[in-house]
Amino acid sequence: MAASLREKQVVAIKKILNLNAPLVNSSTTEPVWKVLVYDKYGQDVISPVLAVKELRDLGVTLHMPLHAVRNTVPDAPAIYLCVPSDDNLRRICQDLADNVYDSYYFNFLAPISRQKLELLATAALQANCAASIKKVFDQYVHFISLEKDMFVLRHHDNETTSYYALNRGDVKDTEMDVMINSMVDSLFAVCVTLGTVPIIRCPRNNAAEMVAERLDRRLRENVRDARSSLFSGETLAGGQYAFQRPLLVVLDRNMDLATPLHHTWTYQALAHDVLDLRLNRVTVEETVGEDERRQTKTKTFDLAPTDEFWQQHKGSPFPMVAEAVQEELDKYRASEGEVKQLKHAMGLDGESDEAISLLSDNTAKLTSAVSSLPELLERKRLIDAHTTIATAILEHIKRRKLDAYFETEEKLLSRAAPERPLVELLRDPEMGSAADALRLFLMHYVSAEEVSSTELEQCVQALSERGADLSAVQFAKRWRMYNRMPTSANQYLGGGTKTVNMFSKLMSQGSQFVMEGVKNLVVKKHNLPVTRIVDALMEQKSLPEVEEFRYLDPKLLRPPGSEAQGARSRNTFQEAVVFVVGGGNYIEYQNLVDYTKSKTGTATKRVIYGCSDLQNASQFLKQLGQLGTEMQ
Amino acid sequence: MPSLDVQACRDRSGEFSAVVRALRERQQAAPAPAAAAARPAALSRHKEFMAVAKLIGRDISQTYSKLEKLTLLAKRRSLYEDRPMEIEELTRIIKQDMGSLNKQILQLQQLSRSPDGGKSVQSFSSNVVVTLQQKLANMSSQFKGVLEVRTENLRRQRSRREQFSRGGVSSNLPPSALSGFHQGSVLLADEAAARGDTVLELGADGQQQGQMLLMEEQDTYYQARSETMKNIESTVVELGAIFQQLAHMVHEQEEMVQRIDANVEDTSMNVEAAHSEILKYFQSVSSNRWLMVKVFGVLIVFFIVFVMFLT
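Scope of this entry: the structure provided in the associated data block. Worth saying up front: this structure is predicted, and the values here are computed from it rather than measured. (Residues numbered from 1 in each chain as written. Chains lettered and ligands numbered in written order. Predicted model: local features only at pLDDT ≥ 70, side-chain atom pairs only at ≥ 80, totals over all residues. Heavy atoms only, no water.)

Focus: the sheet that holds strand E3 (residues 73–82) of chain A
Rules: Two strands qualify as a pair provided DSSP detects at least 2 bridges between them. For helices the rule is a DSSP run of H or I covering at least 4 residues; for strands it is a run of E covering at least 2, with both sets numbered from the N terminus onward. Axis lines are fitted to C-alpha atoms, over the contacting stretch for helices. Their N-to-C directions set the angle, which ranges from 0 to 180 degrees. The contact rule is simple, with two residues in contact once any of their heavy atoms fall within 4.5 Å.
Ordered in space as E2(A)-E1(A)-E3(A)-E4(A)-E5(A)-E1(B), the 6 strands form an open sheet in which the pairing is mixed. Strands with a single pairing partner mark the edges of an open sheet, and in this sheet they are strand E2 (60–65) of chain A together with strand E1 (9–11) of chain B. If you compare each strand with its neighbour and ignore which way they point, the axes differ by 25 degrees on average. Here strand E4 (residues 101–108) of chain A pairs with strand E5 (residues 133–139) of chain A via 5 bridges, running parallel. Of the residues in E5 of chain A, the one forming a bridge with Phe108 of chain A is Asp138 of chain A. The sheet contacts of helix H4 (residues 86–98) of chain A involve E3, E4 and E5 of chain A, and relative to E4 of chain A the element is tilted by about 165 degrees. Packed onto the sheet, helix H1 (residues 13–27) of chain B meets E5 of chain A together with E1 of chain B and runs at close to 130 degrees relative to E5 of chain A.

Side note on the environment of Ser464 of chain A
Residues and elements named next belong to chain A. How we decide: Only protein chains enter the area calculation, which uses a 1.4 Å probe; residues under 20% of their type maximum are buried, those over 50% are exposed, and those in between are partly exposed.
Here Ser464 lies in helix H17 (residues 453–466). Accessibility expressed as a relative area gives 37% for Ser464, which makes it partly exposed. In the structure, Ser464 is positioned 30 residues away from Ala434 in sequence and 9.1 Å away in space, judged by C-alpha atoms.

With respect to the pairing of strand E6 (residues 144–147) of chain A
Pairing analysis gives 3 bridges linking E6 of chain A to strand E7 (residues 150–152) of chain A, with the strands arranged antiparallel. Bridge assignment links Ile144 of chain A to a residue of E7 of chain A, and that residue is Val152 of chain A.

A look at the pairing of E5 of chain A
The element E5 of chain A is extensively covered by neighbouring structure, given that 5 of its 7 residues are classed as buried. In this structure, E5 of chain A lies alongside E1 of chain B, joined through 3 bridges in antiparallel fashion. Across the sheet, residue Phe137 of chain A finds its bridge partner in E1 of chain B, namely Asp11 of chain B.

Some thoughts on the pattern of salt bridges
As a reminder of what qualifies: We count a salt bridge whenever a side-chain nitrogen from Lys or Arg sits within 4 Å of a carboxyl oxygen from Asp or Glu.
Taken as a whole and assessed by the stated rule, the structure comprises 32 salt bridges over all chains. The closest approach of N and O atoms between Asp177 of chain A and Arg214 of chain A, which form a salt bridge, is 2.7 Å. Of this pair, Asp177 of chain A sits in helix H7 (residues 173–194) while Arg214 of chain A sits in helix H8 (residues 207–224), placing them 37 residues apart in sequence. Put simply, Arg550 of chain A and Glu209 of chain A hold a salt bridge, and the shortest N to O gap is 3.0 Å. Highlighted residues: Arg550 of chain A in strand E15 (residues 550–552) and Glu209 of chain A in helix H8, separated in sequence by 341 residues. What emerges from the salt-bridge pattern is a single network uniting Arg114, Glu118 and Asp138 of chain A together with Arg12 and Glu15 of chain B.

Right under this line is the structure:
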């Protein structure tokens, strides 16, 4: 099976850490002790994929930020991983002047320009240590792999390419240029890491088109340059799909404003929405103690790829997660019981007669129990972590009635009438916070066919009574005028929920997750707009939205600017990379993963989801609010 | 999975050295650049440390290759290709190596505690020691695994030999094994007492000559086997001691599951919080004129009281 994007990025990073030599997988080589110096972008790239233990295994004994105070460490090669910005280069030149390390291996996350290279060389000559700079590399790994098929471009400084920044009224051309270039750089890095030149499709007349055009130009230049092409190994790649090129779909957030505001019901998306989930790390606030002496403790948990429970359940609906945690807890208690029993049994068996075989059996069991103890402890730790996270999420759900919101929104999206009229729901003070009500209304407003002005007025009044910020509504009005795509009646096909009453087996088992009053909603499969578009493009179906998409192929021999009329590939695509300009979220990712799973069999598809940054609903709402206030 | 090679980089080192050369020629006319910043010479202890660390690293990798050879040998299962002497020899050597490596690493740890160089050097040294300890721990556990495999194979071979030879000695362990030292196998000692009688009885049971010879042959064979078992036992026990020590040392510095951005965020958060607290306090202090008046008042009162008290 072909390797995923994250695996390829990890291999590239390990090569960097191995002093740019190919990895040799043996423990008989002598260890070389190194020092790793990174800036905040390098930190973002490395931290979700390599833990400190793995760094130690590779021989990195010390890792420090670039701009911290660093003392000399002689006799150790230093590996630098940073972007070649002016600040960083200044600090590097200072390092060279101070002669901090013995040998330097520079790896720049973005290609370093000729002038900056000369600057570096001058500084090295002045400090008389040009010989200790062993290697200078341009690394094309400037993106953050959060999951094995999901990537984000930036974490720090993600305001520079956010939805707000791209859609501001007063954005200057130069700023726009800078933003688009940074996105193109990272997308180019993704293509290089994957090792293939994709076929690009994008809608017209928005930021996505600009990104796609520039990427196309960049890829074309690189492919033409036979001497130093980064894609020369493409045709030698192994795997079944060596001759198939993937499809890169660049979409714009403006196409679908409803999904980021959606109240969701799957574990990972809920954690991102309700708690603080950043770079695969969750921060949970726990209140301990009685009412007077309440202390809030914050705990952080890492949701690593080795966490099996998380990998299995991050896309499941929340009630299933609660049950699964309960099951895991039971299984753990059973294994713990076994170990205790064994300990007991060992004491008795020493006096029996047929002991030798039994003894060796017991020894084997004992050694296996001893070696499985750390495993058990690890499982306990994971179960504890997930219990805490799930409890915190449950608190939020109960307090803000998120299940009711979810149900209403699903009904809205599938064009069924909600149980109570919308205005009443917005007025009801028990239903969550004002922000939740605002989200519900905005979702309805941007996705409904028609909204009568009376309804609009009533809702606006209800919202202002609740104290919600209405500038976002202004922006939504304008958006609706310009950007609404003609929605067909069955846009959100097949949605809808079944409400199952909660006399669950959870309560009968006396579990901690007493979900009283929380409806056990079962989500039916439906496709969000992003998924539908990707499906249409991959299967070469024709949908009205997709008709107008541009087709760009960097490998074709044509002067840029003219459209390739008949040279389109007619095959269906098996691999796709989806990129959303202006912010993405876990809901779309989960939807794409579900879509991929449903397409197993002869037509297995792989879809990689990427976005310029991850926004949860409250952050997105804030940006919409800012855009609305600026309009006035 | 076959090993991936991902070419996601471009080597600019050639370009860099060309630029350096060009600039150097240009600078030939200009005055010679200043000498490199002098590094404090007091880092000699660190150099010593690094040299020892390199030696230990090399020893570990050599021992590792020996261990791999032993693994290959121990996995052989056929009855006739067995080379007990070689395996014994290798086991002994590896055991010695591990003991000496353990001592060396302890010494290295002592060296690393020297207050030399800056903070970076110290954390660097301690991390080097931890990594070496972990490597040794991994190797020890692998060694233990190999010994277990070997024991298993021995047992299996013994049972097969029993099947082929109908000497009918029904006990599972020969007497000589049971008379060995029992540090880790107290239970076996109990067995010994019970078992030993039966075997000797069988032996003294006036069997035919042929069977006696056969049994003697088997006896010597069993003795060799028992020696091996004894050695394995002692090795496992010693390994256990090493393990405990290693676990203690490794536990001292636990950073198993951290990520590199953990402390940075904490620290920056703390620094910001502290900064804001100080600012608040500063504001409260500087804007509190009454405080000054109060302080002066108290001082004057004390002064007066003091003066009156003295006079």
